Amino acid sequence: MILTLTPPFHKDDYSLLGSCNGLICFNQSICLYHHGPACVFNPITREYVILPKCEDMYWWTGFGYLHTTNEYKVVRIYESGGDSNVGIIQVYTLGSGNGWRNAGTMDVNMKYVEIGVGAFANETLHWVNIEGISILAFHLSDEKYSELPPPPPYLTRDDVPYLSIKLGVLGDLLSAAYYYEDADNCDIWLLKKDGDNIDFSWIKEFSLVTAGVSFELTKNGKLLYYELTDICSYDPKVSSANMSASFGKYISSAILHKNTLVSLKALGEQDTKTMEFSLRERSSEVMESSATAYPQKHQCEV
């Protein structure tokens with residue numbers, strides 16, 4: 001069966017921010033000048049909570065979970081403006097009762113930071129500095145930021161005709177996908193620990209012909225990605241790609257989601273409500289992965 005959820009705001013005004021340990025967070029665009037995290041919900045329990053409204057434009061957002069402290073944190077960042085134009089960081093910890101609180105600044109000129117949702121890996125949110133200098137990392141544990149070196153192609157950008165770079169998470173590892181100008185080619189790098197298991201380094205794992213966006217690795221090593229209306233899988237052993245499922249509608253984003261019974265009310269969110277839903281028969285082919293893809297009309301497989 002397909003469970004179609006009815007969010008508490010118009011479907012064209014929100015987008016997926018991320019999924020962590022059973023909870024999904026939405027961004028909402030209230031109007032041109034108001035944008036930011038708006039709602040957290042559990043599609044299994046159907047519990048949801050509306051976050052305090054945004055009063056500014058938060059172009060950089062993120063959602064993450066800390067296993068050691070059992071904390072869910074939502075992050076939003078806006079520009080200070082002026083010559084420095086640093087990032088002002090605010091954090092909302094579910095159940096804390098503190099609402100949005102200031103968590104310092106990201107001391108870089110934010111006009112050079114790629115707008116969008118931070119890729120969450122190793123309890124850290126990541127954004128690309130489009131100047132090619134670094135990858136910005138905001139660590140949820142101590143709420144401090146640092147800068148990471150980018151994969152090698154970014155260090156030699158004058159010699160590589162790539163069109164764009166997109167950060168993601170594959171198998172719990174931070175990934176960086178490079179899309180090239182001269183063809184629909186894509187190289188995907190993963191940030192892995194080295195042999196002594198201490199330092200991290202970038203390793204190129206995949207090279208394939210696609211303009212799609214990867215979002216997960218299956219247990220047998222295949223790469224899942226979405227392109228237009230389809231979910232596809234790429235097998236690096238035979239260098240071939242196949243369509244795994246087709247939604248018949250344009251897929252704007254896809255996330256890996258794990259069903260849990262985590263209760264927002266038990267976490268301490270007193271204003272928890274229950275989301276309306278409807279059921280219909282499943283018509284699309286079941287993928288071999290446990291990943292769940294969400295097209296523009298958000299659905300959850302049960």
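Please read these numbers as outputs of a predicted model, since none were measured by experiment.

For the chain, the helix and strand inventory stands at two helices and 27 strands. By the burial criterion, 49% of the 302 residues in the chain qualify as buried. A separation of at least 24 residues holds for 45% of the contacts in the chain among residues at least 6 apart in sequence. Of the roughly 14700 Å² that the chain leaves accessible, carbon and sulfur atoms contribute 49%.

Moving on: the sheet that holds strand β11 (residues 119–121). Reading across the sheet, the four strands line up as β11-β12-β13-β14 and stay open at both edges, with antiparallel pairing between neighbours. The outermost strands of the open sheet, each flanked by one partner alone, are β11 and β14 (144–148). Pairs of neighbouring strands in the sheet enclose a mean axial angle of 30 degrees, with direction left out of account. For strand β13 (residues 135–139) and β14, the ladder comprises five bridges, and the chain directions are antiparallel. If you follow L136 over to β14, its bridge partner there is E147.

Before going further, it helps to spend a moment on the pairing of strand β19 (residues 213–217). Where burial is concerned, most of β19 is hidden: four out of the five residues are buried. Relative to strand β20 (residues 223–227), β19 runs antiparallel, the two being bridged by four bridges. Residue pairing across strands places S214 opposite Y225, the latter belonging to β20. What sits between the antiparallel neighbours β19 and β20 is a turn of five residues, in which G221 has the positive phi angle 90 degrees.

Right, let's get into unusual backbone geometry. You will see that R46, though not glycine, has its phi angle at about 65 degrees, which is positive. With respect to the element layout, R46 can be found in the loop between β4 (34–41) and β5 (47–50). Although it is not a glycine, D172 adopts a positive phi angle of roughly 70 degrees. Here D172 lies in the loop between β15 (162–170) and β16 (173–180).

Let us look at the environment of L224. By the secondary structure assignment, L224 is in strand β20. Under the relative-accessibility criterion, L224 is labelled buried at 1%. Distance in space between the C-alpha atoms of L224 and S214 is 5.6 Å, their sequence separation being 10 residues.

Moving on to the confidence of the model for the chain. Averaged over the chain, the pLDDT score is 82; the fraction of residues at 70 or greater is 83%. Of the regions scoring below 50 in pLDDT, residues 284–302 engages in 64 contacts with residues more than four places distant in sequence or in other chains.

Spatial strand order, β9-β8-β7-β6-β10: five strands in an open sheet with mixed pairing. Two strands bound the open sheet, and with one partner strand each, they are β9 (101–106) and β10 (116–117). Relative to strand β8 (residues 87–93), strand β7 (residues 71–79) runs antiparallel, the two sharing seven bridges. The partner of E79 across the bridge, within β8, is G87.

With that settled, the discussion passes to the pattern of salt bridges. Applying the stated rule across the entire model yields four salt bridges. One salt bridge in this structure joins E143 and K73, with 2.9 Å as the shortest N-O distance. Of the two residues, E143 is situated in the loop between β13 and β14 and K73 in strand β7; the sequence distance between them amounts to 70 residues. Here the two residues E143 and K73 agree in accessibility, since each one is buried.

Right, let's talk about the nonpolar core for a bit. Ranked by size, the top nonpolar core spans 20 residues in total, and within it I188, L208, L223 and Y226 carry the most contacts. Of all elements in the fold, only β16, β17 (185–193), β18 (200–209), β19, β20 and β21 (230–235) reach the threshold of two or more residues within this core. Ranked by the residues each element gives to this core, the list is headed by β20, at four residues. Those residues in contact with L223 that lie beyond four places of it in its chain are L170, I188, F206, L208, S214, E216, L217, C232, S233 and Y234. Listed in part, the 17 residues of the second largest apolar core include L17, L23, Y65 and V262.

The rules behind these values
- Residues numbered from 1 in each chain as written.
- Predicted model: local features only at pLDDT ≥ 70, side-chain atom pairs only at ≥ 80, totals over all residues.
- Heavy atoms only, no water.
- Helix = DSSP H or I, 4+ residues; strand = E, 2+ residues; numbered from the N terminus.
- Buried < 20%, exposed > 50% of the residue type's maximum accessible area, 1.4 Å probe, protein only.
- Contact = heavy atoms within 4.5 Å.
- Areas by Shrake-Rupley, 256 points an atom, 1.4 Å probe, with all protein chains shown as cover.
- Pairing = 2+ DSSP bridges.
- Axes fitted to C-alpha atoms, helices over the stretch in contact; angles between N-to-C directions.
- pLDDT = per-residue confidence, 0-100.
- Salt bridge = Lys/Arg side-chain N within 4 Å of Asp/Glu carboxyl O.
- Core = buried A, V, L, I, M, F, W, Y, C linked by side-chain atoms within 4.5 Å.

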